[in-house]
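Letter by letter, the chains look like this.
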Amino acid sequence: MDNSTFQLKKRFRIAGLFYLLHIALTVYGVIFVSSKIGISGTEVMAKGILANEFLFRTGIISRLVGMIPTIFLAITLYQILESINVFQAKLVLLIMVISIPFQFIAEVSNIIALMIGKDELLKSISLSQKHDFEILFLNIYNNTVSIGQMFWGLWLFPFGMLAFNSKFIPRIFGVFALLGSVGYLIDYLTFLLLPNYRSLTVYTLLFGFACEISIMFWLLTNNTKK
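Being a predicted model, the structure only gives us computed values, none of them experimental.

**Some thoughts on the packing of aromatic side chains**
Aromatic ring pairs are reported here in terms of the distance separating the ring centres and the angle at which the planes meet.
Part 1 of the argument: Under the criterion given, the structure shown has 11 aromatic pairs.
Part 2 of the argument: Ring centres 5.4 Å apart and planes at 65 degrees place the aromatic pair Trp152 and Trp155 in the edge-to-face group. You can see Trp152 and its partner Trp155 sitting in helix H6 (residues 127–165), three residues apart, about one turn around the helix.
Part 3 of the argument: Relative to Phe191, the ring of Tyr188 has its centre 6.1 Å away and its plane inclined at 35 degrees; by these criteria the two rings are tilted. Note that Tyr188 and Phe191 are positioned in helix H7 (residues 171–193) at a spacing of three residues, about one turn of the helix.
Part 4 of the argument: Through a chain of ring-to-ring contacts, the aromatic side chains of Phe12, Phe168, Phe173, Phe176 and Trp218 assemble into a single cluster.

**Some points on the pattern of salt bridges**
Part 1 of the argument: Applying the stated criterion across every chain yields a total of five salt bridges.
Part 2 of the argument: With a shortest N-O distance of 2.5 Å, Arg63 and Glu107 are connected by a salt bridge. Remark: Glu107 occurs in helix H5 (residues 86–117) and Arg63 occurs in helix H3 (residues 53–65); sequence separation between them is 44 residues.
Part 3 of the argument: Three or more residues joined by partner-sharing salt bridges are found here, namely Glu53, Arg57, Lys118 and Glu120.

**Quick notes on the environment of Gly148**
Part 1 of the argument: With respect to the helices and strands, Gly148 occurs in helix H6.
Part 2 of the argument: The spacing of Gly148 and Phe102 is 46 residues in sequence and 5.4 Å in space, taken between C-alpha atoms.
Part 3 of the argument: Ignoring sequence-local partners within four residues, the contact set of Gly148 consists of Ser99 and Phe102.

**A look at a nonpolar patch on the surface**
Part 1 of the argument: Judged by side-chain polarity, Ile61, Val65, Ile68, Ile71, Phe72 and Ile75 come together as a nonpolar surface patch covering roughly 500 Å² of accessible area.
Part 2 of the argument: Elements that contribute at least two residues to the nonpolar patch include exactly H3 and helix H4 (67–81).
Part 3 of the argument: Per-element tally for the nonpolar patch: the top contributor is H4, with four residues.
Part 4 of the argument: Mapped onto the elements of the fold, Ile68 is located in helix H4.

**Comments concerning the nonpolar core**
Part 1 of the argument: Core analysis: the largest hydrophobic core is formed by 32 residues, its most contacted members being Tyr19, Leu81 and Trp155.
Part 2 of the argument: Of all the secondary structure elements, the ones that give two or more residues to this core are helix H1 (3–37), H4, H5, H6, H7 and helix H8 (202–221).
Part 3 of the argument: For this core, the element with the most residues is H6, which contributes seven residues.
Part 4 of the argument: Beyond its immediate sequence surroundings of up to four residues, Tyr19 is in contact with Leu73, Trp152, Trp155, Leu156, Glu212, Ile215, Met216 and Leu219.
Part 5 of the argument: Phe56, Ile60, Ile116 and Leu138 belong to the second-largest nonpolar core, a separate cluster that totals 12 residues.

Calculation rules
- Residues numbered from 1 in each chain as written.
- Predicted model: local features only at pLDDT ≥ 70, side-chain atom pairs only at ≥ 80, totals over all residues.
- Heavy atoms only, no water.
- Phe/Tyr/Trp six-rings, centres within 6.5 Å; stacked < 30°, edge-to-face > 60°.
- Helix = DSSP H or I, 4+ residues; strand = E, 2+ residues; numbered from the N terminus.
- Salt bridge = Lys/Arg side-chain N within 4 Å of Asp/Glu carboxyl O.
- Contact = heavy atoms within 4.5 Å.
- Patch = residues over 30% accessible without salt bridge, like charges linked within 9 Å, V, L, I, M, F, W, Y side chains within 5 Å.
- Areas by Shrake-Rupley, 256 points an atom, 1.4 Å probe, with all protein chains shown as cover.
- Core = buried A, V, L, I, M, F, W, Y, C linked by side-chain atoms within 4.5 Å.
- Buried < 20%, exposed > 50% of the residue type's maximum accessible area, 1.4 Å probe, protein only.

Structure follows, in structure tokens:
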């Protein structure tokens, strides 16, 4: 194995590790915590965050910390992909980085909702008004995350094109990335245009996530030859 192939394999596995950390922290913060507290933006969650305050706070932390490996994943992927097409590699990097601020903005809304629920803010208004504001900020969180999700789906498209045209990434993973991008975007467009039918697009969302998982495992275990 020559040095360039060794370095390529090393970068693939580093990217896979960052991807694994991102997915693990996201699964905990988004799926596990939400399943215990309730669906974001509903009255169930508004009541659940006070009953499970510590869990709610760990969810915020895990989602924020999850942005750190995302940054390093974006940089490592750029280092891998720039030899294929510099412009498209920069596009992957840019879109991934753009998605990150939305999560930070969203978590501010979560923190405000928690403070309102604990009577740390808006003390002079009635209980029903306070509850309405809590629901408002939980919905702001939900909508902001959905916008970030759109960008997360978009970066998979140029990545898929690069993978499909590369000589060292199996084309099947380029196809997975393209299909995963479409899955995420269908879910987001349904959220914007047909919100009453969004429950039907959970399968496209899961499909996109499954495509990401397959790419992540390949990055960790690949035996590519440049």
